[in-house]
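# Structural overview for review
Residues per chain, in single letters:
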Amino acid sequence: MRLRNRPGAMEKLTAHPEYVIQQPETLKGKWRGNFNNDNPVHIEIGTGKGQFIIETAKQNPHVNFVGIELQTSVLLSVLEKQLEEELPNLLLLQADAANLQEYFEEGEVGRIYLNFSDPWPKKRHEKRRLTYKTFLTTYEKVLADDGEIIFKTDNQGLFEYSLVSFSEYGAKLEDVKLDLHHSDVEDNVMTEYEEKFSKKGNRIYRAIIGFEN
Ligand code: SAM
């Protein structure tokens, strides 16, 4: 996601500790308590401007959502939406997915959404892909036994790479859609990238992955 650097983005994020978690390490193992309920915790890695997580949190009030985004200027756009919506089941985190285990206890997360992750097409950047094996190790640790990853992309190369990566890791492909928008799935929530690229005629791929044998 390319977005102009927005001056003062970090200050604006820290001005809203009710929605933007400042010290996520202190919540490790305590996310549900922080939401004041016992509902499952679902996270999105790389929220972009937040269209997906805002709509998904609205539609699922009995799930706790944590939106994670690396770039402060991008996360600020999500915060601005959340300040309008005031959804009690959505918190935001400016963080790198590589550090998830510092913030979430083993088994604390019920579902991870990876939506239109950066493809990093050059082989020398493989380790940056969010479906590279080191990330899968991290996801497996923080996910509950029956937890799952839902991965969507329009990038055929990244999709094929990721299916192989999941499979080589020993994860289970629960469901694969090679053309999500022309499938039997009726409850799909579109992301910003999904809207943009499907309008251009790109096919949308989706895989659901579990780790339980
Ligand atoms: N999910 C949104 C969508 O579908 O419209 C945005 C897609 S954009 C291509 C990918 C986003 O992931 C960018 O905003 C980027 O900053 C974020 N991102 C990339 N690597 C990340 C990481 N390691 N941890 C957290 N966010 C990351």
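Residues numbered from 1 in each chain as written. Predicted model: local features only at pLDDT ≥ 70, side-chain atom pairs only at ≥ 80, totals over all residues. Heavy atoms only, no water.

## Examining the site of the ligand
Every one of the 18 residues lining the ligand counts as a neighbour, but Gly46, Glu69, Gln71, Asn115 and Thr191 are closest to it. Taking Asn115, its main chain carries an N or O atom lying 2.9 Å from a nitrogen atom of the ligand. Take Thr191: an N or O atom from its side chain is 2.7 Å from an oxygen atom of the ligand. Surface burial for the ligand is 94%, taken as the share of its 600 Å² of free accessible area covered by protein chains. (Near = heavy atom within 4 Å. Polar contact = N/O pair within 3.5 Å; in protein donor to acceptor, adjacent residues only side chain to side chain. Areas by Shrake-Rupley, 256 points an atom, 1.4 Å probe, with all protein chains shown as cover.)

## Details of the packing of aromatic side chains
Taken as a whole and assessed by the stated rule, the structure comprises eight aromatic pairs. Centroid distance Phe52 to Tyr113: 4.9 Å. Interplanar angle 70°. Geometry classified as edge-to-face. In this pair, Phe52 sits in helix H3 (residues 51–59) while Tyr113 sits in strand E4 (residues 109–115), placing the two residues 61 residues apart along the sequence. Side by side, Phe52 and Tyr113 carry an identical accessibility label, which is buried. One aromatic cluster in this structure is built from Phe151, Phe159, Phe166 and Tyr205. Here Arg128 stacks its cationic end above the ring of Trp120, 4.6 Å away from the centre of that ring. One Lys or Arg, Arg129, reaches over the ring of Tyr161 and ends 4.5 Å from the middle of that ring. (Phe/Tyr/Trp six-rings, centres within 6.5 Å; stacked < 30°, edge-to-face > 60°. Helix = DSSP H or I, 4+ residues; strand = E, 2+ residues; numbered from the N terminus. Buried < 20%, exposed > 50% of the residue type's maximum accessible area, 1.4 Å probe, protein only. Lys NZ or Arg CZ within 6 Å of the ring centre and 35° of its normal.)

## Quick look at the pattern of salt bridges
Taken as a whole and assessed by the stated rule, the structure comprises 10 salt bridges. Among the salt bridges present, the one from Asp184 reaches Lys177, with a minimum N-O distance of 3.7 Å. (Salt bridge = Lys/Arg side-chain N within 4 Å of Asp/Glu carboxyl O.)

## Let's talk about the nonpolar core
Among the nonpolar cores identified, the biggest contains 38 residues, and Trp31, Ile43, Phe104, Ile112, Tyr139 and Ile149 are the most heavily contacted of them. Among the elements that make up this core, the one with the highest residue count is helix H7 (residues 156–169) (five residues). If we ignore the near neighbours within four places in the chain, the residues touching Ile112 are Ile43, Ile45, Tyr139, Val142, Leu143, Glu148, Ile149 and Ile150. If you look at the next biggest cluster of nonpolar residues, it comprises 21 residues, including Leu13, Ala57, Val78 and Leu90. (Core = buried A, V, L, I, M, F, W, Y, C linked by side-chain atoms within 4.5 Å. Contact = heavy atoms within 4.5 Å.)

## Here we look at the pairing of strand E5 (residues 143–153)
Here E5 lies mainly inside the structure; eight of its 11 residues are buried. Direction of pairing for E4 relative to E5: parallel, over a ladder of six bridges. Residue pairing in the sheet places Ile112 in a bridge with Ile149 of E5. Read as a crossover between parallel neighbours, the route from E4 over helix H6 (residues 133–142) to E5 is right-handed. As paired elements, E5 and strand E7 (residues 205–210) share six bridges and run antiparallel to each other. (Pairing = 2+ DSSP bridges. Right-handed = clockwise from strand over helix to strand, strands pointing away.)

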